[in-house]
Amino acid sequence: MGVNRPDTIQRPPARARKAIGGAVRAVAQPIAEPVFAILLALLVGAVGITLCSGLLAGHKNFDVGLPVAAYRALLEGVASPSGIGSTLDYSTPLILAGLGVGLGFKAGLFNIGGRGQFLFGTVGAMAVATTVGVSQNEIITIPLALLAGAAFGASAGFIPGFLKATSGAHEVVTTIMLNYVFVFVTYWAISGPLSLPNAHQPITADVTDRNANLQVVLGSGSHAFVFNSGILLALAAVPIIWFLLYRTTLGFEIRSAGANPDAARYGGMKTNRLIVLTMSLAGLMCGLAGATTLMGVVHQMAPGYDTTVGFDAITVALLGRSNPVGILFSGLLLGAMRAGSQTMQIQAGVPAELVDALQAIILVFLVVNALRRWLDRRAARRGSTPSVDADAAQAAEGVA
Amino acid sequence: MNGLPQALDALPILGLLFQFLGYMLANLGYMSQTTVAVAVPITLAALCGVMCERSGVVNIGIEGIMLTAAFTGWIVGVAAAGILGAGIPLPFFGVTLPLLIGLAAAILVGMAVALLHAWLAISMRVDQIIAGTIINIGATGITGYLYTLIASQAPTSAGSFAQYKVPDQVADLPVVGWLINAVLSQGPIGLSTIVIVIFLQVMLFRSRWGLRTRAAGEHPRAAETVGIDVIRLRYKNVVMSGALAALGGAWLSMEQTNGFNADMSAGRGFIGLAAMIVGRWTPLGAFGAALLFASATGLSTSLTISPPTGDLGQLMAHVPGEFWEALPYIITIVVLAGVIGRSIAPAADGQPYERESAT
């Protein structure tokens, strides 16, 4: 999708107008499609909430007021100082892991292993905090813990990449299997080596006691603004990944391998090495997501510690069309939904799992290009030519 | 006669191996029964995968179909029991009317979810892996949402299907009795799985439907030129295969247990896909691979229920319990990586088919 084509300047005014229209559409399309999908999904979600309202204690069947109350509570949950802080808390891992999954998409790799990589990254950061954090100050412990999270996450991503490169085992199956393996590794680590020696129940140390706290409190009392400073890392990662993808040789090779692996191989690129590298990088980002969440939000782990970030990151990457800037915004959006869903559950009684269901509905509308189909049908009814030219249609297609 | 085994067991290092063999032999009956049972949902997921991929559609939404079906079977069973009463169990398999209604609902819903996948993959020509992932995310979300809503009302259960009791005369047969006992001591879904495996194997390679399915998966354009409606065939296969995955889901909530848990499918849909690949896209092969993956669970349950004694027991005590729980997944990865080069997917697997325009 070319934005400003230089040759449009010399063309007659009518064509130039059309070209400008095309340019506007090329910018607007990537935004309009997800927004349309989200609005449609919210509508479908409202119908779903209404249909099931009878199951909620104190509500009659088909209570139309319930979705209104639920969405209002969702918004209220976001639009407050604590809501913004909690949005940042939820968004940090989503942006980081979303960048990791998006990187995989660009290379034609489908990383569903975010859950395992996140958890293993958490274990790495916790291991540093429990050992190094006892004797060293924050300047040493925090970078080391983040590094360990990144390294553990990268190693968890390396395994499926290595298996795919050497044996061809599909990363979708291996990453899912590894998710379960890392869930058990994490259980074992929490109840074994990372457990506090004198605790009654297995529980890890608190990172605030181990000089590895990333949580920032601005102000005091009820007006205090509490947030995870890991968001700064996520914000910094967006331009870094963008630069890596669009301004480096490695990024070019990653995008080539994703667009056409055979052509990339014939062009002399070492595609197997690229697979291993990209999967490791994707794991690294997910590991960082785990480390920042541990250090900036949860602080402590008990057996059963788990995450939905791995799958949410897929939604984030798809919504952001694997573009780092798009991922930033979709990560913030989904983070806001996650943050608001807690208030929704408390105030309106509607389970927070609604967000998971909404994600799937958003994605369905997104991947079937609902907006384009709707515009085309409207245009067809008016008897004019389809509203979307081939260029924009191509832009809307192929998320990966 | 006990002198020799004892001497073998006492050997350093190698003795542990003999002790392990001895333990396996002693617990073989129990382990085999568990293995066959655990293999049932994996096999059904793999058969779903075989039917889809042989016709050219990649379906990684099997996990989601299983989860939705497990939830539906359970909740419809509970609702039916609430309206009709538990009913008198029939003399075989503890079948009651609510259970049957739940099972039928599970299968129908499974087919509906598969239809969604078929629509996304075949008609909308969405990337099939993304389509499957959407189904998995949606299944987790919707079942989680409804389960949280319903759990607050403390629902009871409609019970579960009972195991077939192999007659003692057969179970006591020398040499083969224990094996027959292990294989046949299953519930109705488990037993029908064995029948379905054989039926599908024959159908896929000996029937007109099978030939057409394989043609659509290998070379859809060629299939279309000889008059096969590839799109319709793919739709039919994906929707029918949804019933198989749904049966696997129903096994979880109506045969293995009598209730539902969030995420109770626990990756079995994906292990099924691995079994399909290892079994080279054939029903019998997939069943064999599923048995192999399930044997890890069989071994680990046996080790927890009756831990071995002696040196072996001391050694095993040092292995964390989480290792045994992770073992089925590790074995799946190792076997998958080991055989993959020799297992070739249908040529048109995962490629959307677009009919040439008639102009």
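Residues numbered from 1 in each chain as written. Chains lettered and ligands numbered in written order. Predicted model: local features only at pLDDT ≥ 70, side-chain atom pairs only at ≥ 80, totals over all residues.

Asker: Can you walk me through the overall build of chain B in this structure?
Answerer: Across its full length, chain B holds 16 helices and zero strands. Taken over C-alpha atoms, the radius of gyration comes to 22 Å for chain B, in line with the 21 Å a tight globule of 359 residues would show. The principal-axis extent of the C-alpha atoms belonging to chain B is close to 85 × 55 × 40 Å. Within the span of chain B, comprising 359 residues, buried residues form 50% of the whole. Here the contacts in chain B between residues at least 6 apart in sequence split such that 80% fall between residues at least 24 apart. (Helix = DSSP H or I, 4+ residues; strand = E, 2+ residues; numbered from the N terminus. Rg over C-alpha atoms; globule rule 2.2 N^0.38 Å. Buried ≥ 20, exposed ≤ 12 C-beta atoms within 10 Å, placed from the backbone. Contact = placed C-beta atoms within 7 Å.)

Asker: Can you help me understand the overall build of chain A in this one?
Answerer: The helix and strand tally for chain A stands at 15 helices and two strands. Here chain A has a C-alpha radius of gyration of 23 Å; the compact-globule value for 400 residues is 21 Å, and the two agree. Out of the 400 residues belonging to chain A, those deemed buried represent 51%. The long-range fraction of contacts in chain A, counting pairs at least 24 apart against all pairs at least 6 apart in sequence, stands at 74%.

Asker: What is the right way to read the confidence of the model for chain A from this model?
Answerer: Detailed reading of the predicted coordinates is not advisable wherever pLDDT is low. Residues with a pLDDT of 70 or more make up 91% of chain A, whose mean pLDDT is 87. Segment residues 386-400 of chain A is flagged for pLDDT under 50; beyond a separation of four residues in sequence, or across chains, it makes 33 contacts in the model. (pLDDT = per-residue confidence, 0-100.)

Asker: In this structure, what is going on with the environment of Gly149(A)? I would like to understand it.
Answerer: Residue and element names in this part refer to chain A. On the secondary structure map, glycine 149 appears in helix α5 (residues 138-167). Judged by the 32 C-beta atoms lying within 10 Å of it, glycine 149 falls in the buried class. Each C-alpha atom of the pair glycine 149 and histidine 200 lies 27 Å from the other, and the pair is 51 residues apart in sequence. In contact with glycine 149, not counting residues within four places along its chain, are Gly121, Thr122, Gly124, Ala125, Gly287, Leu288, Gly290 and Ala291.

Asker: Help me out: how do you make sense of the interface of chain B and chain A in this one?
Answerer: Size of an interface: often given as the accessible area lost when the parts come together. At the junction of the two partners, chain B supplies 37 residues and chain A supplies 39 residues. Ranked by residue count, the leading element in the side of chain B that touches chain A is helix α6 (residues 128-151) of chain B, at 15 residues. Of the residues assigned to the side of chain B that touches chain A, the class counts are 24 nonpolar, ten polar and three charged. (Nonpolar A, V, L, I, M, F, W, Y, C, P; charged D, E, K, R; others polar.)

Asker: I keep staring at the pairing of strand β2 (residues 225-228) of chain A and nothing clicks. Help me out?
Answerer: Looking along a regular strand, one sees side chains alternate from face to face of the sheet. Taken together, the four bridges between strand β1 (residues 215-218) of chain A and β2(A) define a ladder with antiparallel strand orientation. Residue Leu218(A) lies in a different strand from β2(A), and its bridge partner there is Phe225(A). (Pairing = 2+ DSSP bridges.)

Asker: I keep staring at the environment of Ser256(A) and nothing clicks. Help me out?
Answerer: All names here are of chain A. With respect to the secondary-structure elements, serine 256 resides in helix α8 (residues 249-259). We classify serine 256 as buried; it has 20 C-beta atoms within 10 Å. Those residues in contact with serine 256 that lie beyond four places of it in its chain are Ala263, Ala264, Gly267 and Met269.

Asker: How should I be thinking about the environment of Trp251(B) in this particular structure?
Answerer: All names here are of chain B. Considering the arrangement of structural elements, one finds tryptophan 251 in helix α12 (residues 230-256). Considering only alpha carbons, one finds tryptophan 251 and leucine 179, 72 residues apart in sequence, at a separation of 22 Å. Discounting residues that sit within four places of it in the chain, tryptophan 251 has contacts with Val40, Pro41, Ile189 and Gln256.

Asker: What am I meant to see in unusual backbone geometry here?
Answerer: The general pattern is negative phi for most residues beyond glycine and trans for most peptide bonds. Residues and elements named next belong to chain B. For alanine 266, which is not glycine, the phi torsion reads 45 degrees and is therefore positive. Mapping alanine 266 onto the fold places it in the loop between α12 and α13 (268-278). Even without glycine at this site, tryptophan 281 takes up a positive phi of about 60 degrees. Locating tryptophan 281 in the fold gives a position in the loop between α13 and α14 (283-305).

Asker: Any chance you could explain helix α4 (residues 62-84) of chain B here in plain terms?
Answerer: The α-helix winds at 3.6 residues per turn, so residues separated by three or four positions along the chain end up facing the same way. All names here are of chain B. Between its first and last C-alpha atoms α4 spans 32 Å; for 23 residues at 1.5 Å apiece the expected length is 33 Å, and the two agree. Where burial is concerned, most of α4 is hidden: 19 out of the 23 residues are buried. Directly beyond the C-terminal end of α4, a positive phi value near 80 degrees is found at glycine 85. (Expected span 1.5 Å × (residues − 1).)

Asker: What is the right way to look at the packing of α8(A) against helix α10 (residues 271-298) of chain A in this model?
Answerer: What describes two packed helices is the angle between their axes and the distance between those same axes. Residue and element names in this part refer to chain A. Running from N to C, α8 and α10 point in directions that differ by 105 degrees, and their axes come no closer than 10 Å. Of the possible angle classes, the one that applies to α8 and α10 is roughly perpendicular. Residue-level contacts link Glu253, Ile254 and Ala257 of α8 to Thr271, Leu274 and Thr278 of α10. Taken together, the residues of the contact of α8 with α10 break down into three nonpolar, two polar and one charged. (Axes fitted to C-alpha atoms, helices over the stretch in contact; angles between N-to-C directions. Parallel < 35°, antiparallel > 145°, perpendicular 65-115°, else oblique.)

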